[in-house]
Amino acid sequence: MLTSLRYLAGTAGPSGFGSRATAEEATAGAGDLRHVTAIITGATSGIGAETARVLAKRGARLVLPARSLKAAEEARARLRAECPDADVVVLPLDLSSLASVRRFVASFLDLGLPLNLLVNNAGKYADRFALSEDGVEMTFATNYLGHFLLTRLLLEKMAETARASGFEGRIVNVSSTIHSWFAGDDAVGYLDRVTRRKIPYDPTRAYALSKLANVLHTRALAERLREMNANVTANCVHPGIVRTRLIRDRDGLVTNTVFFLASKLLKTIPQAAATTCYVAVHPAVAGVSGKYFADCNEASPSRLGASSEEAAKLWSFSENITAEKIQKMSVHVSAGGFRLQVQSSNADRGMALA
Ligand SMILES: NC(=O)c1ccc[n+]([C@@H]2O[C@H](COP(=O)([O-])OP(=O)(O)OC[C@H]3O[C@@H](n4cnc5c(N)ncnc54)[C@H](OP(=O)(O)O)[C@@H]3O)[C@@H](O)[C@H]2O)c1
């Protein structure tokens, strides 16, 4: 109740910011960002586009991966219209494809650029069931698995940049409060059942699972970064609820009416990008890792989201499913008997959950 009232009033929390802060306000204390090179996924629209705009305005060099190069070029043109000096590189990336993630990382590394900041923002809400080219449920593949592989392949580059530059590297995973709607089930087991069509596809539950995976990823990643002794942190955020293209599958009269009625409760896009930008660059977040933020303040994830055991289980599952060369094998992930069967010796050419 108190939390809802604080949200509605926009009351500032310990960070000095609240639900009504915009990304520009939340980064005002971050100073000049000309020393920062950032990859931001999903910057062609919505929250990612605003995140890119504000970071570019503060001087950061941006690498914008996108599945449509035309959309990425348009995003770059919009950024350059506002910040003529903005250094913006665009590269192709479809996060739902593990092969595309590998190609993107190879192209990025070939550029020889440093990497201080990775914002894993891209996401989708899929009304209908689909499998990715790797045989994984599409929402999970796009919102989580692609980002897992992307992060893993860029980790060494980030650690190396932090070592050479002396600046802390940061990874920000964009999750959602909806991660807490996935409860009372083990994530990997559910993914297995939904992928094999053993249970009906529920778009909201699939979305919630992918966002829970973002939270669990953050927890395990922070642990991994500590073990590596890397000067790189990982945190995740709930941006707030805002109308974007995320629910494009549901556009229509009912959705318009719901958003109209709820409009007073929603954020604007500049407000929705505030928490991402705050966690990405604000000096007050230095050294903070493995945490969940909402409205620019640390918040509590769900019980499942706070489970180190669940995080470790998802990490090992994700490592197995994204491994480049795996011999035909079965992986028993949980006591419940989850079984991953890779059909080809090259995971890029086909894997199935069985
Ligand atoms: N809007 C909300 O209320 C809300 C609430 C909580 C969390 N979030 C999270 O915020 C993040 C940003 O969402 P948004 O609301 O800004 O939605 P959006 O306007 O639809 O933006 C999503 C971005 O992700 C990109 N994307 C989707 N699938 C992709 C793929 N396979 N490969 C590469 N890029 C892909 C989209 O690119 P295309 O242009 O190619 O489609 C777009 O740039 C998401 O992670 C979402 O889950 C949003």
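Residues numbered from 1 in each chain as written. Predicted model: local features only at pLDDT ≥ 70, side-chain atom pairs only at ≥ 80, totals over all residues.

### Notes on the overall build of the protein chain
Looking only at helices and strands, the protein chain features 12 helices and 11 strands. The buried share among the 354 residues of the protein chain stands at 47%. (Helix = DSSP H or I, 4+ residues; strand = E, 2+ residues; numbered from the N terminus. Buried ≥ 20, exposed ≤ 12 C-beta atoms within 10 Å, placed from the backbone.)

### Structural notes on the pairing of strand β1 (residues 37–40)
Going residue by residue along β1, you find Thr37 and Ile39 tucked away on one face and Ala38 and Ile40 tucked away on the opposite face as well. Each parallel crossover has a hand, and the one from β1 via helix α3 (residues 46–57) to strand β2 (residues 61–66) is right-handed. (Right-handed = clockwise from strand over helix to strand, strands pointing away.)

### Considerations on the sheet that holds β1
Ordered in space as β3-β2-β1-β4-β5-β6-β7-β8, the eight strands form an open sheet in which the pairing is mixed. The open sheet has two edge strands, β3 (88–92) and β8 (297–299), and neither has a second partner. Strand-to-strand twist across the sheet, computed as the mean angle between neighbouring axes with direction ignored, equals 25°. Against the sheet, helix α8 (residues 203–228) touches β5 (169–174), β6 (232–238) and β7 (292–294), its axis set at about 165° to β6. Sheet strands in contact with helix α11 (residues 274–281) are β4 (117–120), β5, β6 and β7, and its direction is about 160° off that of β5. (Pairing = 2+ DSSP bridges. Axes fitted to C-alpha atoms, helices over the stretch in contact; angles between N-to-C directions. Contact = placed C-beta atoms within 7 Å.)

### Overview of the site of the ligand
Around the ligand lies a shell of 30 residues, among which Gly42, Gly46, Ala122, Gly123 and Thr244 are the nearest. At the level of elements, α3 and α6 (138–165) are the ones that each hand at least two residues to the shell around the ligand. Counting residues per element, the shell around the ligand draws most heavily on α3, which supplies three residues. A class-by-class count of the residues in the shell around the ligand yields 11 nonpolar, 15 polar and four charged. (Near = placed C-beta within 6 Å. Nonpolar A, V, L, I, M, F, W, Y, C, P; charged D, E, K, R; others polar.)

### Some remarks on the packing of α8 against helix α12 (residues 308–322)
Packing of α8 against α12 brings their axes to within 8 Å, and their N-to-C directions diverge by 95°. Taken together, α8 and α12 sit at an angle that is classed as roughly perpendicular. Between α8 and α12, the contacting residues are Ala213, Leu216, Arg219 and Ala220 on the first element and Ser308, Glu310, Ala311, Ala312, Leu314 and Trp315 on the second. The class makeup of the residues in the contact of α8 with α12 is seven nonpolar, one polar and two charged. (Parallel < 35°, antiparallel > 145°, perpendicular 65-115°, else oblique.)

### Section: the pairing of β5
Buried residues dominate β5, accounting for six of its six residues. Burial along β5 is two-sided: Gly169, Ile171 and Asn173 and Arg170, Val172 and Val174, pointing in opposite directions, are all buried. Where β4 and β5 come together, four bridges link them in parallel fashion. Considered in β5, the bridge of valine 119 is made with valine 172. Between β4 and its parallel partner β5, the chain crosses via α6, and the hand of that crossover is right-handed.

### A few points about α11
Burial runs high along α11: eight of the eight residues are buried. When α11 is considered as a whole, its buried residues turn out to be Ala274, Thr275, Thr276, Cys277, Tyr278, Val279, Ala280 and Val281.

### Digging into the nonpolar core
With 97 residues, the main nonpolar core has Ala52, Leu62, Leu64 and Cys277 as its most contacted residues. Per element, the largest residue contribution to this core is 12 residues, and it comes from α8. In contact with leucine 64, other than residues within four places in its own chain, are Ile40, Ala43, Ala52, Ala72, Ala75, Arg76, Val88 and Val90. (Core = buried A, V, L, I, M, F, W, Y, C linked by C-beta atoms within 7 Å.)

### Digging into unusual backbone geometry
Unusually for a residue other than glycine, asparagine 229 sits at a positive phi of about 60°. You can see asparagine 229 is positioned in the loop between α8 and β6. By C-beta crowding, asparagine 229 is classed as exposed, having 9 other C-beta atoms within 10 Å. Backbone geometry places aspartate 295, a non-glycine residue, at a positive phi of 50°. On the secondary structure map, aspartate 295 appears in the loop between β7 and β8. Classification of aspartate 295 as buried rests on a count of 28 C-beta atoms within 10 Å.

### Examining the environment of isoleucine 40
Counting through the fold element by element, isoleucine 40 comes out in strand β1. Excluding its chain neighbours within four sequence positions, the residues that come into contact with isoleucine 40 are Gly48, Thr51, Ala52, Leu62, Leu64, Val119 and Asn121.

### Here's the deal with α8
In an α-helix there are 3.6 residues to a turn, and that puts residues three or four apart on one side. Counted at 1.5 Å a residue, the expected span for α8 with its 26 residues is 38 Å, and the 37 Å between its end C-alpha atoms agrees. Following α8 by one or two positions, asparagine 229 adopts a phi angle in the positive range, close to 60°. (Expected span 1.5 Å × (residues − 1).)

### Considerations on the environment of valine 88
Tracing the sequence through the fold places valine 88 in strand β3. Among the residues examined, valine 88 registers 21 C-beta atoms within 10 Å and is labelled buried. Those residues in contact with valine 88, other than ones at most four positions away along the chain, are Ala56, Leu62, Leu64, Arg76, Leu79 and Arg80.

### Let's talk about the confidence of the model for the protein chain
Per-chain confidence: the protein chain averages 89 in pLDDT, with 88% of residues scoring 70 or above. Contacts from residues 325–354, a stretch scored under 50 in pLDDT, to residues over four places away or in other chains number 61 contacts. (pLDDT = per-residue confidence, 0-100.)

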